[in-house]
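Listed below, chain by chain, are the residues.
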Amino acid sequence: MLTIDDLGDLRGKRVLVRSDLNVPLDGTTITDDGRIRASVPTIQRLRDAGARVVVCAHLGRPKGAPEDRYSLRPVASRLGELLGAPVAFATDTVGDSGRDVVAGLADGDVAVLENLRFNPGETSKDDAERGAFADQLAELADAFVSDGFGVVHRKQASVVDVAQRLPHAAGGLVLAEVEVLKRLTVDPARPYVVVLGGSKVSDKLGVIENLLGTADRILVGGGMVFTFLKAQGHEVGKSLLEEDQLDTVRGYLDSARERGVEIVLPTDVVAATAFAADAEHDVVPADAIPADRLGLDIGPDSGRLFASRLADASTVFWNGPMGVFELEPFSHGTRAVAQALVDSDAFSVVGGGDSAAAVRTLGFDEGAFGHISTGGGASLEYLEGKTLPGLTVLDS
Ligand SMILES: Nc1ncnc2c1ncn2[C@@H]1O[C@H](COP(=O)(O)OP(=O)(O)O)[C@@H](O)[C@H]1O
Ligand SMILES: O=C(OP(=O)(O)O)[C@H](O)COP(=O)(O)O
């Protein structure tokens, strides 16, 4: 991959940096700034080189139009604090504000553009629409640095199309993440255990197919669980469910059996009356979730089971919290898995915005894990052996 050194002298040049600043927020309060901190070294390096740094990023999944709750303004403020320098904020991405803010930058200055996903072109499936938005982004800069590892699996304008329009390079974060993940693709020490959870179920269920060819054991928790339980014929109440994936999941279970890959499912679940910290909740058997309840965590028995299936692992990749860890009553399963990794001798990689945030907010020391990756879906697709569009485009 091309690196920042390949871009030559950057003094006075406008450099567009695609970062992954998709951090968890409580209102306008950032509850974990890990992804912003991870983005700082590349931005600082470009400042030191005298570049005029234009940072672009997304927050959440707005549908192509502005929504206050997804504004990057609080993120820009936090970036300024971490850099110890003023950060200009454009209230749009490629409109008047974006252009004015970029025009006002001096060498070494930094600006953050408003959420890329407020523009329909960013995530469009239509090449022409995405290309037109990428043209506008490219007009704001002389060079492009891709540093948002968490989005390199997305074929989106700011990840792929803009790189085709400007001299481009991989940032230090992307290079570092790929370096670590390579260790898990080239002959990982066995047993190799993958732990999957979280809420992006439709996105991530598909990775299991390829992981069945590489992992020895897959532990399933979080919102993923219920599609498996339902596929086995159990009721899951009001829990997160991908109804149209039931046959696919049955196929995974059959295929795992044939290949000798162990799929470990929870034996009990914390089932609540509502998605709220003060909701009534009980531990119920995984095969007997009441119709009016939703599963928001794996239960204590499952926590012990998962820990026991991690104890002998030599390599572990974990993406996706085991429950709604943001709410204390539903954080115990995630804590149990994190503790099991801390206690094991395995080389462990924890990937994903929320998984990394969970580990930190639950009070674990980052140093106790082999690597904390900023990418969840991106890491998973890399480990599957898939071609990631945001990486391929940096090769040429
Ligand atoms: N049983 C569940 N039901 C609903 N949401 C869940 C459940 N378990 C975990 N989650 C949610 O999953 C979210 C993280 O999912 P995801 O984005 O896939 O992970 P990551 O960001 O680590 O890749 C968390 O906000 C958590 O509250
Ligand atoms: O949070 C992210 O991914 P992750 O939840 O897989 O870690 C990235 O910012 C990508 O976001 P997206 O899954 O909305 O494209």
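Conventions adopted
Residues numbered from 1 in each chain as written. Chains lettered and ligands numbered in written order. Predicted model: local features only at pLDDT ≥ 70, side-chain atom pairs only at ≥ 80, totals over all residues. Heavy atoms only, no water. UniProt positions renumbered as here; feature names shortened; annotations may be inferred. Core = buried A, V, L, I, M, F, W, Y, C linked by side-chain atoms within 4.5 Å. Buried < 20%, exposed > 50% of the residue type's maximum accessible area, 1.4 Å probe, protein only. Contact = heavy atoms within 4.5 Å. Near = heavy atom within 4 Å. Polar contact = N/O pair within 3.5 Å; in protein donor to acceptor, adjacent residues only side chain to side chain. Areas by Shrake-Rupley, 256 points an atom, 1.4 Å probe, with all protein chains shown as cover. Helix = DSSP H or I, 4+ residues; strand = E, 2+ residues; numbered from the N terminus. Nonpolar A, V, L, I, M, F, W, Y, C, P; charged D, E, K, R; others polar.

The name given to the chain in an unreviewed UniProt entry is Phosphoglycerate kinase, and the organism recorded there is Angustibacter luteus. Regarding the chain, the UniProt comment filed under Sequence similarities (unreviewed entry) reads as follows: "Belongs to the phosphoglycerate kinase family." Of the comments in the UniProt record for the chain, the one headed Subcellular location (unreviewed entry) reads "Cytoplasm".

Q: Provide a residue-level description of the nonpolar core, including the pertinent values.
A: L16, L113, I208, I218, F228 and F317 are the most contacted members of the largest nonpolar core, which totals 76 residues. For F317, the contacting residues outside a window of four places in its chain are L181, L184, Y192, V193, V194, V195, V349, G351, S379, L380 and L383. Judged by nonpolar contacts, the second largest core, of 29 residues, contains L7, L21, I36 and A85.

Q: Go over the site of ligand 1, please, and point to the residues and values.
A: What surrounds ligand 1 is a group of 21 residues, the closest being K204, N319, E326, D354 and S355. Between an oxygen atom of ligand 1 and a main-chain N or O atom of K200, the distance comes to 3.3 Å. In isolation ligand 1 exposes 590 Å². Once the protein is present, 91% of that is buried. Within the residue set of the shell around ligand 1, elements represented by two or more residues are β14 (294-298) and α14 (353-361). For the shell around ligand 1, the leading source of residues is α14, giving three residues. The residue inventory of the shell around ligand 1, partitioned by class, reads five nonpolar, twelve polar and four charged.

Q: Go over the site of ligand 2, please, and point to the residues and values.
A: Residues in contact with ligand 2 amount to 15 residues; listed here are only the nearest, R61, R117, R154, K200 and G377. At a separation of 2.9 Å, an oxygen atom of ligand 2 approaches a polar side-chain atom of R35. One of the side-chain nitrogen or oxygen atoms of R61 is found 2.8 Å away from an oxygen atom of ligand 2. Partitioned by chemical class, the residues of the shell around ligand 2 number one nonpolar, seven polar and seven charged.

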